[in-house]
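Listed here are the chains, written in short residue letters.
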Amino acid sequence: MNATVATSVFGVFMVATVALGLLATRGRRKGEANGEGGGLAEWSVGGRSLGTVFIWVLMAGEGYTSFSYLGAAGWGYNYGAPVLYVVAYMSCGYAIGYVVGPMLWAYAREHGLVGITDMVAHRFGRPWPGALVAVLATVFLLPYIQLQITGMGVVVSTISYGAISLNWAYFIAFAVTTGFVVVSGLRGSAWVSVLKDVLVIATLGFLAIYVPMHYFDGYGPFLDRLVTEKSEWLTFPGHGDSGLGQAWFITTSFLNSLTVVIFPTTVAGYLGAKNADVLRRNAMLLPAYNVLLFVPMLLGMAALFVVPGLVGAESNLALFQLVVDSLPAWAVGVIGVAAALSSIVPMAVFMLVIGTMWGRSVLSLVPRWERRQKGAAQVVVVVAGSLALLLTYTAPNTLVRLSLISYEGMAQLLPMVLLGLMWRRLTLLGAMSGLVVGVGVVCGFVFTENDPVWGVNAGIVALGANLVVALAVTYAGSRERDERPDDEVLARDELWSPEQEAEPDGAPAEAGRVG
């Protein structure tokens, strides 16, 4: 009976999710009215027309993935304090995004760009660097799709009390996500994000009160037991010989806060905004949402007393063990839906971004696909999702190993993307040399199990080497001649521009206007 009730609740919400995502296609009328014509820009960045609410819920999806319900609780259960790096880097990343987001938005809008691969190709005046970045970013993003499929599969199997097998749960994750993202693109993801965020706020808010009251008679007794019996979980480096000390915490928070602002999925959110002021307001509002991340972290530590002895992957189910053991089936179903949607929304954006990068920067280099970029992107979405699903079934460890370098590997794009858009002197040879060195160093450290290295995040060491090589090659090599003016090459936020540019007919440049 419990399985039937929970599964029915889940099924109803999944149908509603697909329907809501498909209904978002009605918003294309606005894109067509603005001259987007329902093409790649409408599909991939929502016609650059999303307001504060949609951008807020869409970008909040970056912070609330299946990790929020599984990994955060599991880290809290296994290590304790080190898991707080998630809150630290996301909050700092939003602050950096207050400056960087409007710059990238203005640059992309001015030149008709739809992602970081476009920006790289335009900045260096050649298409092949964009194609190379697209391939590299795909390698780093595919593991995230697989992790979301796996996370949702575990959630669905758990909340159904085992009635739905993991294999079927994996397929449901893929089918629901692909069902709306191919048709409605970023706008559909934003609409589904609204439903997701309502459920996330409601369920985590409820669990924050319910679990301590139900199991410990309140926060006072719970925190007293935690301090008395599990004090090791409350200080660095946390429980066990993890190596996740203060230096690791600081370097990881710093590296990730820089990386998140140029992460392809974050940039997709930036470019979907209707103006730069939306991004500034969003950067101020999003940190408040991070407060909810403390709930699964804290409840993961609460599970130490209720379900002790969880090891390995079982620790990721620490929060759901509390839920399934103590709540009625309908409530388990609703909480499961919130966790499942926290997999579906980011997975949709990951698939969308991969499709956009390939449709715009790789397949468009083939003459027959150049005029069909949106169709090519939609095909790539299905292929990327199918590949992640296939590897989840047949070789899950392949992508799991790649996931170890995903964020640290993506950080190596920082000089090419961010420095390149702010400093004209950086040459393509310098940027590429630094990228090769950075990716090589981070792979060497991670795959030899030397991360952390010297107590710090291996990615920050690789980024340092990347930056040194990029600067050395740039200064040592011959200066590349680029006859384009600075405004054509560099990204600027018009808030700080000395004056507005004018179009040839004397009208203000609409593409770069803020507000």
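Values in this document were obtained by computation on a predicted structure and should not be read as measured data.

Considerations on the overall build of the protein
Point 1. Along the protein, the regular secondary structure elements total 25 helices and zero strands.
Point 2. Taking 515 residues into account, the globule formula puts the C-alpha radius of gyration at 24 Å, and the protein, at 23 Å, falls close to it.
Point 3. For the C-alpha atoms alone, the extent of the protein along its principal axes is close to 70 × 50 × 45 Å.
Point 4. Here the protein, with 515 residues, has 57% of them falling under the buried criterion.
Point 5. Residue pairs at least 24 apart in sequence account for 82% of intrachain contacts in the protein once pairs closer than 6 positions are excluded.

Section: the packing of helix 7 (residues 85-111) against helix 12 (residues 246-259)
Point 1. Contact geometry of helix 7 with helix 12 gives a least axis separation of 8 Å together with a crossing angle of 40°. Classified by the angle their axes make, helix 7 and helix 12 are oblique. Between helix 7 and helix 12 lies a crossing whose hand is right-handed. In this structure, helix 7 uses Tyr85, Ala88, Tyr89, Cys92, Gly93 and Ile96 to contact helix 12, whose residues at the interface are Trp248, Phe249, Thr252, Ser253, Asn256, Ser257 and Leu258.
Point 2. Its residues assigned to classes, the contact of helix 7 with helix 12 comprises eight nonpolar, five polar and no charged.

Looking at the nonpolar core
Point 1. Membership of the largest hydrophobic core comes to 162 residues, with the highest contact counts inside it found for Met14, Met119, Ile145 and Leu413.
Point 2. Leu413 has contacts with Ile116, Val133, Leu136, Ile262, Leu418 and Leu435, leaving out every residue within four places of it along the chain.

With respect to the pattern of salt bridges
Point 1. Tallied over the entire structure, the rule returns seven salt bridges.
Point 2. Lys196 serves as the salt-bridge partner of Asp197, at 3.0 Å between the closest nitrogen and oxygen. For the pair formed by Asp197 and Lys196, the shared burial category is buried.
Point 3. As a salt-bridge pair, Arg225 and Glu229 come within 3.2 Å of each other at their nearest N and O atoms.

Topic: the confidence of the model for the protein
Point 1. Per-residue pLDDT for the protein averages 86, and the proportion of residues at 70 or more is 90%.
Point 2. Highest mean pLDDT in the protein belongs to helix 24 (residues 458-476) (96); lowest belongs to helix 2 (residues 28-33) (49).
Point 3. A low-confidence stretch, residues 29-37 stays under pLDDT 50, and its non-local contacts, those more than four residues away or across chains, total ten contacts.
Point 4. Confidence drops under a pLDDT of 50 for residues 496-515, and excluding neighbours within four residues, the segment shows 30 contacts in the predicted structure.

Remarks on the side chain of Thr251
Point 1. Mapped onto the elements of the fold, Thr251 is located in helix 12.
Point 2. In this structure the side chain of Thr251 is engaged in a polar contact, spanning 3.0 Å, whose partner is the backbone nitrogen of Asn457.
Point 3. Not counting chain neighbours up to four residues away, the residues in contact with Thr251 comprise Val456, Asn457 and Ile460.

Details of the packing of helix 15 (residues 294-306) against helix 16 (residues 318-326)
Point 1. Their axes nearest at 8 Å, the elements helix 15 and helix 16 cross at an angle of 70°. With respect to helix 16, the element helix 15 is oriented roughly perpendicular. Here helix 15 runs over helix 16; the crossing is left-handed. Contacts between helix 15 and helix 16 involve Pro296, Leu299, Ala303 and Val306 on the former and, on the latter, Ala318, Leu319 and Leu322.
Point 2. Per-class residue counts for the contact of helix 15 with helix 16 are seven nonpolar, no polar and no charged.

Parameters and conventions
Residues numbered from 1 in each chain as written. Predicted model: local features only at pLDDT ≥ 70, side-chain atom pairs only at ≥ 80, totals over all residues. Heavy atoms only, no water. Helix = DSSP H or I, 4+ residues; strand = E, 2+ residues; numbered from the N terminus. Rg over C-alpha atoms; globule rule 2.2 N^0.38 Å. Buried < 20%, exposed > 50% of the residue type's maximum accessible area, 1.4 Å probe, protein only. Contact = heavy atoms within 4.5 Å. Axes fitted to C-alpha atoms, helices over the stretch in contact; angles between N-to-C directions. Parallel < 35°, antiparallel > 145°, perpendicular 65-115°, else oblique. Left-handed = near helix turned anticlockwise from the far one by under 90°. Nonpolar A, V, L, I, M, F, W, Y, C, P; charged D, E, K, R; others polar. Core = buried A, V, L, I, M, F, W, Y, C linked by side-chain atoms within 4.5 Å. Salt bridge = Lys/Arg side-chain N within 4 Å of Asp/Glu carboxyl O. pLDDT = per-residue confidence, 0-100. Polar contact = N/O pair within 3.5 Å; in protein donor to acceptor, adjacent residues only side chain to side chain.

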